[in-house]
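If you want the building blocks of each chain, they are given just below.
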Amino acid sequence: MHSPSSFQTDALIAEDIAAYLEAHQRKSLLRFITCGSVDDGKSTLIGRLLYDSKMIFEDQLAALESDSLKHGTQGQEIDFALLVDGLAAEREQGITIDVAYRFFATEKRKFIVADTPGHEQYTRNMVTGASTADLAVILVDARKGVLQQTRRHSYLVHLLGIRHVVLAVNKMDLVGYDQATFEAIVADYRSFASEIGISDFTAIPISGFKGDNITAAPSANTPWYGGPALIAHLETVEVDAAAAQGQPFRMPVQWVNRPNLDFRGFAGQIASGTIRPGDAVRIVPSGKTSTVTRIVTFDGDLDEAVAGQSVTLTLADEVDCSRGDLIAAAGDPPQASDQFCATFVWMDEEALKPGRGYWLKIGTQMVTATVQPPKYEIDVNSLEHLAAKTLGLNAIGVAEFATDRPIAFEPYDTSRQLGGFILVDKFTNATVAAGMIAFNLRRADNVHWQPTAITREDHAGMKNQKPKVLWFTGLSGSGKSTIANEVEKQLFLMNRHTFLLDGDNVRHGLNRDLGFTEADRIENIRRVGEVAKLMADAGLIVLTAFISPFRAEREMVRAMLPEGEFVEIFVDTPLAVAEARDVKGLYRKARDGQLKNFTGIDSPYEPPENPEIRVNTVDMTPEEAARYIIDRILPLK
């Protein structure tokens, strides 16, 4: 079963292990992915690379030979795919599901390869593997040619900023190493690639199973091929780290290093450019400037540092700079904005909820971001722009984003590190999307905060009270509006300045354009939250009576206000009791199918987990509940 390999490992390893390790450490690293349609031979190719580069131990080889007989698809021959397809489901089905990372090395370079799944439902896995890759090997089965999934992955490769593409026409042994077949596939792919912006790629005819043109070219079976072997090409491709050194200096701050009163440094990994002591730098987004005095590392100070190095910079001035800020070349800083347009891939089973607050992580920055309804969804098979109100799993779309404070970034096609981001669900901590920033929104540059002479403290002082937002939440029919109205009456008798925002009343004006879909409910609460915040800024005690069924939106409003001003009041009434009341006849309509998306019937209600106040209207009258609430929020000064 053993087949001879034309690849020779470094002879130094047998002569001087210390010298070998030092030389190995200095080798450049190339990260690449293999992708393509289902069963194009991605895992087989990686297994062949590991085998030919002597990265398999004897016991692993023995296990591979045994597994090939049990699970293999190559008869009595070694099934190299089994080196990579580790999941039981993968072996049973003969496909790749998860992203598998493998390391190997040659005399010239080190490699980390990601074997990404070909099935459309695992597109998010492919995006994960491609996010850090410098090169993509797109495999095409010589018998099938360019398929829909080949086009999909090619588009994603281009979208994710991978500049180097290899078109590996695999399984040439199954078409008799026919040159015409190879050239027809290359011509077909070139036509499609030009449409999506891939202007240059390297096409190589290979057989991952037989080893043709993997480590040496041309193979005896392809004398008509005049290009490089796959390994030779991978060894000579320029990695992005080298290109990044020629760009303007950028370093996201990961940590402020303050071991004692005499030292204050800013630690991080340089994303691009070169830095030296004496260089002028600018802190983004604050805009403060200073000069680098030292470049500190564990092994001593440096005279120069370049992209890819992790260093600590000390500055000549005591500037405000913390984790999440960016240290950049003073004369060529990146953009800073709280609004931008981006292309993003949705990676969660639960669809995007426009208007909801998500954590956005870009570099070392973490902010709250809201996503507007998508401008369009991209059909990656036809490249058409489709109308969309939301995005589902594996969908790709373009939308505008707004963050709660300015962030430093660059367009993704300029810097993958400073232009790529992920979205994280605030409650589940699941990564729900990966995005690529396209450009800053012009209106973000043209709209500025206008300072005013009278502060929110002045407004509150004039009214002799502390502003608060009393947020009543509960099912329809729970008694929110009744209790809120009673609380306002009692506060009015106490000479307090109040205003009541009621759900039904607001929908007659401010929110008359909104329906009751999940997205519209989120926007309804966002608008009400903004209005309540403005009223609290005016020194008022604001009462709001809204079902507000989702925790995320209630927490979004809480985050708009200073600590302690948002008081969540859960009007806790069982569904059966609320439905029995049915003052407005809405439950009956919902049960009869006349009213869609009704909370408690066919739309969920997420009760508060830790409300400041909980009232039970089964045991309390509205007057008693109001008195209890007022007692809990006193004093009001």
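Residues numbered from 1 in each chain as written. Predicted model: local features only at pLDDT ≥ 70, side-chain atom pairs only at ≥ 80, totals over all residues. Heavy atoms only, no water.

Description of the packing of aromatic side chains
Here's step 1: Taken as a whole and judged by the stated rule, the model has 15 aromatic pairs.
Here's step 2: Aromatic side chains Trp-346 and Tyr-358 sit 5.9 Å apart centroid to centroid with 75° between the ring planes, which places their arrangement in the edge-to-face category. Here Trp-346 is found in strand β16 (residues 335–346), whereas its partner Tyr-358 is found in strand β17 (residues 357–362), with twelve residues between them in sequence.
Here's step 3: Judged by its relative accessible area of 3%, Tyr-358 is buried.
Here's step 4: One aromatic cluster in this structure is built from Phe-340, Phe-344, Phe-401, Phe-409 and Phe-421.
Here's step 5: The residue whose ring lies beneath Arg-356 is Phe-550, and the NZ or CZ to ring-centre distance is 5.3 Å.
Here's step 6: Of note, Arg-507 hangs over the ring of Phe-516, and the distance from its end group to the ring centre comes to 4.1 Å. (Phe/Tyr/Trp six-rings, centres within 6.5 Å; stacked < 30°, edge-to-face > 60°. Helix = DSSP H or I, 4+ residues; strand = E, 2+ residues; numbered from the N terminus. Buried < 20%, exposed > 50% of the residue type's maximum accessible area, 1.4 Å probe, protein only. Lys NZ or Arg CZ within 6 Å of the ring centre and 35° of its normal.)

Looking at the sheet that holds strand β3 (residues 109–115)
Here's step 1: Pairing is mixed in the open sheet, where six strands are placed in the order β2-β3-β1-β4-β5-β6. Two strands close off the open sheet at either side, each with one partner strand: β2 (100–105) and β6 (202–205). Across this sheet, the average inter-strand angle for adjacent strands is 25°, counted without regard to direction.
Here's step 2: Note: strand β5 (residues 164–170) against β6, four bridges, orientation parallel. In the strand pairing of β6, Leu-167 is matched with Ala-203. (Pairing = 2+ DSSP bridges. Axes fitted to C-alpha atoms, helices over the stretch in contact; angles between N-to-C directions.)

Observations regarding the pairing of β5
Side-chain direction in a regular strand flips from residue to residue, so the side chains alternate between the two faces of the sheet.
Here's step 1: With seven of seven residues buried, β5 is to be regarded as a mostly interior element.
Here's step 2: Neither face of β5 is exposed, since His-164, Val-166, Ala-168 and Asn-170 on one face and Val-165, Leu-167 and Val-169 on the opposite face are all buried.
Here's step 3: Here strand β4 (residues 135–141) runs beside β5; their pairing, made up of seven bridges, is parallel. Residue pairing in the sheet places Leu-139 in a bridge with Ala-168 of β5.
Here's step 4: A crossover links β5 with its parallel partner β6, the connecting element being helix α8 (residues 179–196), and its sense is right-handed. (Right-handed = clockwise from strand over helix to strand, strands pointing away.)

Thoughts on helix α7 (residues 148–159)
Here's step 1: When the terminal C-alpha atoms of α7 are compared, their 16 Å separation across twelve residues agrees well with the 16 Å that a helix rising 1.5 Å per residue should span.
Here's step 2: Within α7, nine of the twelve residues are buried, which leaves it mostly tucked inside the rest of the structure.
Here's step 3: When α7 is considered as a whole, its buried residues turn out to be Gln-149, Thr-150, Arg-152, His-153, Ser-154, Tyr-155, Leu-156, Val-157 and Leu-159.
Here's step 4: The first or second residue beyond α7 is Gly-161, which carries a positive phi of 80°. (Expected span 1.5 Å × (residues − 1).)

Observations regarding the environment of Asp-39
Here's step 1: Along the chain, the position of Asp-39 falls in the loop between β1 (28–36) and α3 (42–52).
Here's step 2: Sequence-wise, Asp-39 and Asp-141 are 102 residues apart; in three dimensions their C-alpha atoms are separated by 8.0 Å.

Topic: the sheet that holds strand β25 (residues 498–502)
Here's step 1: Reading across from one edge, β25-β26-β24-β27-β28 is the order of the five strands in this open sheet, with parallel pairing throughout. Two strands bound the open sheet, and with one partner strand each, they are β25 and β28 (613–615). Going across the sheet, the axis of each strand differs from the next one's by a mean of 20°, ignoring polarity.

Observations concerning the nonpolar core
Here's step 1: In this structure, Ile-33, Val-157, Leu-167, Tyr-189, Phe-201 and Ile-396 are the most contacted members of the largest nonpolar core, which totals 44 residues.
Here's step 2: No other element matches α8, which puts seven residues into this core.
Here's step 3: Apart from residues no more than four positions distant in its own chain, Ile-33 is found in contact with Ala-114, Thr-116, Met-126, Gly-129, Ala-130, Ala-133, Leu-135, Ala-136, Val-137, Val-157 and Ile-162.
Here's step 4: If you look at the next biggest cluster of nonpolar residues, it comprises 23 residues, including Leu-49, Leu-50, Phe-111 and Val-137. (Core = buried A, V, L, I, M, F, W, Y, C linked by side-chain atoms within 4.5 Å. Contact = heavy atoms within 4.5 Å.)

Side note on the confidence of the model for the protein chain
Should the pLDDT be low somewhere, the predicted coordinates at that spot are not to be read in detail.
Here's step 1: With 86% of its residues at a pLDDT of at least 70, the protein chain reaches an overall mean of 85.
Here's step 2: In the model, residues 1–9 has pLDDT below 50 throughout and makes 25 contacts with residues more than four positions away in sequence or in other chains.
Here's step 3: Scored below 50 in pLDDT, residues 85–97 shows 29 contacts in the model against residues more than four places distant or in partner chains. (pLDDT = per-residue confidence, 0-100.)

Quick word on the pairing of strand β27 (residues 566–571)
Here's step 1: The element β27 is largely enclosed, with a buried count of six among its six residues.
Here's step 2: Alternating positions in β27 separate into two faces, Phe-566, Glu-568 and Phe-570 on one and Val-567, Ile-569 and Val-571 on the other, with burial throughout.
Here's step 3: Where strand β24 (residues 468–473) meets β27, five bridges bridge the pair, whose relative direction is parallel. Bridge pairing in β27 places Val-469 opposite Phe-566.
Here's step 4: Relative to β28, β27 runs parallel, the two being bridged by three bridges. Residue pairing across strands places Ile-569 opposite Ile-613, the latter belonging to β28.

Thoughts on the side chain of Thr-498
Here's step 1: Summarising the element assignment, Thr-498 is placed in strand β25.
Here's step 2: Note on Thr-498: relative accessible area 16%, which makes it buried.
Here's step 3: Polar side-chain contacts of Thr-498 include one of 2.9 Å to the side chain of Glu-488.
Here's step 4: The residues touching Thr-498, leaving out its near neighbours within four places in the chain, are Glu-488, Leu-491, Leu-540, Ile-541 and Leu-543. (Polar contact = N/O pair within 3.5 Å; in protein donor to acceptor, adjacent residues only side chain to side chain.)

Some thoughts on the environment of Ile-327
Here's step 1: Positionally, Ile-327 belongs in strand β15 (residues 326–329).
Here's step 2: Note on Ile-327: relative accessible area 0%, which makes it buried.
Here's step 3: As a C-alpha pair, Ile-327 and Ile-283 span 44 residues in sequence and 4.8 Å in three-dimensional space.
Here's step 4: With sequence-adjacent residues up to four places away left out, Ile-327 is seen in contact with Phe-249, Arg-250, Met-251, Val-253, Phe-266, Val-281, Arg-282, Ile-283, Leu-313 and Cys-321.

Regarding the pattern of salt bridges
Here's step 1: Taken as a whole and assessed by the stated rule, the structure comprises 28 salt bridges.
Here's step 2: Of the charged contacts in the structure, one is a salt bridge between Glu-350 and Lys-353, with a shortest N-O distance of 2.1 Å.
Here's step 3: Here Glu-350 falls in the partly exposed class, since its relative accessible area comes to 43%.
Here's step 4: Residue classification places Lys-353 among the buried positions, given a relative accessible area of 6%.
Here's step 5: Linked through salt bridges whose partners overlap, the residues forming this network are Arg-554, Glu-555, Arg-558, Glu-568 and Glu-612. (Salt bridge = Lys/Arg side-chain N within 4 Å of Asp/Glu carboxyl O.)

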